[in-house]
Amino acid sequence: MAYKSPVRDLTFILNDVLEVERYANHLEGADLSRDLIDQVLEEGGKFADEVIAPINRTGDQEGCKIDGDVVTTPKGWKEAYHQMVEAGWTSLAFDPKYGGQGLPAIVSMAVGQFTAGASAAFSMYPGLTAGAFHGIEASASDEIKDKYLPKMATGEWTGTMNLTEPQCGTDLGMVRTKAVPNGDGSYSITGQKIWISAGEHDFADNIIHTVLARVEGAVPGIKGLSLFVVPKFLVNEDGSIGERNGVQCAGLEHKMGIHGNATCVMAYEGAKGWLIGEEGRGMNNMFVVMNEARLGTGLQGLAIGDAAYQAAVEFANDRLQGRALTGPKNPEGPADPIMVHPDVRRMLLEAKAFVEGGRAFILWTALQADLQKSSDEATAAKAQDYMGLITPVLKAYLTDKGFHAASLAMQVHGGSGYTEHFPASQYLRDARITMIYEGTNGIQALDLVGRKLPAKGGRAIMSWFADIGAFVSENGGNETTQPFVDGLADAKKKLQEATMWLMQNGMQNPDNAGAASTDYLNIFGLTGLAYLWAQMAVTAQKAVDGGSTDPFYSAKLQTGRYFVERILPDAEAHLKKLKTGADVLMQMPAEAF
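All figures in this text were calculated on a predicted structure; none of them were measured in a lab.

**Brief notes about the side chain of Asn 15**
Structurally, Asn 15 can be placed in helix 1 (residues 7–17). Separated by 3.0 Å, the side chains of Asn 15 and Asp 38 make a polar contact. The contact partners of Asn 15, leaving out residues within four places of it in the chain, are Arg 34, Ile 37 and Asp 38.

**Overview of the pairing of strand 5 (residues 186–197)**
Where strand 4 (residues 178–181) and strand 5 come together, four bridges link them in antiparallel fashion. Opposite Val 180, over in strand 5, you have Ser 188 as the bridge partner. The antiparallel pairing of strand 4 with strand 5 creates a hairpin that spans four residues between the two strands, and Gly 183 there sits at a positive phi of about 90°. Bridge count for strand 5 against strand 11 (residues 263–275) is 10 bridges, and the pairing is antiparallel. Bridge pairing in strand 11 links Thr 190 to Glu 269.

**Section: the packing of helix 14 (residues 482–505) against helix 15 (residues 510–545)**
Two elements in contact, helix 14 and helix 15, have axes separated by 9 Å at closest approach and are oriented at 160°. On the basis of the axis angle, helix 14 is roughly antiparallel to helix 15. With respect to the hand of their crossing, helix 14 and helix 15 are arranged in left-handed fashion. Mapping the contact onto sequence places Phe 484, Leu 488, Ala 491, Lys 492, Lys 494, Leu 495, Ala 498, Thr 499, Trp 501, Leu 502 and Asn 505 in helix 14 and Asn 512, Ala 513, Ala 516, Tyr 520, Ile 523, Phe 524, Thr 527, Ala 530, Tyr 531, Trp 533, Ala 534 and Ala 537 in helix 15. Broken down by class, the residue content of the contact of helix 14 with helix 15 amounts to 17 nonpolar, four polar and two charged.

**So, the environment of Ala 366**
Following the sequence through the fold, Ala 366 ends up in helix 9 (residues 342–371). For the pair Ala 366 and Pro 104, spaced 262 residues apart in sequence, the C-alpha separation works out to 8.7 Å.

**A look at the side chain of Glu 356**
Residue position: Glu 356 is located in helix 9. For Glu 356, a relative accessible area of 8% translates into the label buried. At 2.9 Å, the side chain of Glu 356 forms a polar contact with the side chain of Lys 556. Ignoring anything within four residues of it in the chain, the contact list for Glu 356 reads Asp 9, Trp 533, Met 536, Lys 556 and Thr 559.

**Quick look at the pairing of strand 4**
Look at any regular strand and the pattern is simple: side chains alternate between the two faces of the sheet. Where strand 4 and strand 6 (residues 206–215) come together, two bridges link them in parallel fashion. Along strand 6, the bridge assignment pairs Ala 179 with Val 215.

**Remarks on the packing of helix 5 (residues 105–118) against helix 6 (residues 120–139)**
Pairs of packed helices are described in terms of their axes, by the angle between the two and the distance that separates them. At a closest axis distance of 5 Å, the pairing of helix 5 and helix 6 adopts a crossing angle of 135°. The angle between helix 5 and helix 6 places the two elements in the oblique class. Here Thr 115, Ala 116 and Ala 118 of helix 5 come into contact with helix 6, specifically with Ala 120, Phe 122 and Ser 123. Of the residues that constitute the contact of helix 5 with helix 6, the class distribution is four nonpolar, two polar and no charged.

Definitions and cut-offs
Residues numbered from 1 in each chain as written. Predicted model: local features only at pLDDT ≥ 70, side-chain atom pairs only at ≥ 80, totals over all residues. Heavy atoms only, no water. Helix = DSSP H or I, 4+ residues; strand = E, 2+ residues; numbered from the N terminus. Polar contact = N/O pair within 3.5 Å; in protein donor to acceptor, adjacent residues only side chain to side chain. Contact = heavy atoms within 4.5 Å. Pairing = 2+ DSSP bridges. Axes fitted to C-alpha atoms, helices over the stretch in contact; angles between N-to-C directions. Parallel < 35°, antiparallel > 145°, perpendicular 65-115°, else oblique. Left-handed = near helix turned anticlockwise from the far one by under 90°. Nonpolar A, V, L, I, M, F, W, Y, C, P; charged D, E, K, R; others polar. Buried < 20%, exposed > 50% of the residue type's maximum accessible area, 1.4 Å probe, protein only.

Written out as structure tokens, the structure reads:
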């Protein structure tokens, strides 16, 4: 099976649905012309298809190896990464001040879908670097930025985020890694971090770790944490690499999937580190890195679902099994392709409708990431509100459904999918971690209802409802697209009802909010996809009404119909479950489980 980057679909979303060119003035005159976007996506897709996709399977089979503290990536991976650096794909969205190309996040995230679809594990190396880059860029001193960011921007050096420790995962207030001031502006970092993606490898000459630690004498809990930059090799004043720092990989995790990514146990033994921002502001500064990573994880889940769907479509067209219920469709052969069977089509359309809707939703959100930098204060504030509100939705919903799409793809493959002769198994295994790391999906749901909804008096969700309401009012009246508009209006109504229920019941009993959180996030995710499916349907129908006979548009409308008729009704079930509250969950004694 040959993975194929969905270039046409992304150019449709960027140029025709979102019409990103009209936002150029908000982004300091950034070039968002159709010609540039088409060229970048075409070449980015070609690179993903021809360079990255061919090494995905071998990466899964070989995994990473460790000898002492030296980690070697699978055959061909280092060479592919160096090609990526030389071609400039690692520097797309970084500030030109540090050697980046300065393209908007929405363009970089579009290309990122190709990379993650071609190989999720490979995409994590540049993805973690981007998160660390932006964390340093947002909070570090100019001296630190100038020392590390230029070579991180080019991809010559890579980056990581070091949070988790053996005794703490989500509860980072239990972090024990300590930082002792050396008296010269540096700190001595000692402790152990686990599950560190891309913590050690053979891609780059230096690895720049961002490390959460507690300065000696700091208060317990979250408020006592600080963030540090800790390079694998110290960097001399002239920018050259100096002596080895006191950090090394103490072991590799043996994992269910993403075998090509080195997931490391990192040991810090008096390693030199430098403070990013202020002492005690580590979690605030780390959230810049984490939010970047959470969007990247949502994208990764979506992209794996897309790759799995593509493999399932190919298999369904090739595999001969049984006859169509309405009579043979391949009378000269021993059986019909399984594509003729309604239930196979159900599974494929389920995956396709999610992938295409999720693809649009994450690009719409990436546009908000760019608009946060708008010179117009109202535009920037609204975009910032949306980023805070929607990031946990995207991380959780897209990874849940990405795994679901990979599971459906395996089911389409039947027994063949359960073997390693076909790619379905790898996609399913790779997708599962996306629901866990960067904050489990349950934590994302709690973050949504507990922090993001009430933030600034609920300003973000009220704005979201207003924007959807305006779209519904403006786009009614077309018989073909009316089901999309009506479906969106109904989803918005259910999300409003769920929001009101939380306001009335979550405050008086926090367990109600916790019990409702996952169902609420699902209603939000369905509403987000309904919003983008309605936009895509309106755009596609305009093309058809304008005389286009391109089958792309008719397929888009048919896929959207499936979403509205057979996926969007799930919002009603989630709403009913949400309203049952916490009693059925919390009344059972622990010993009865």
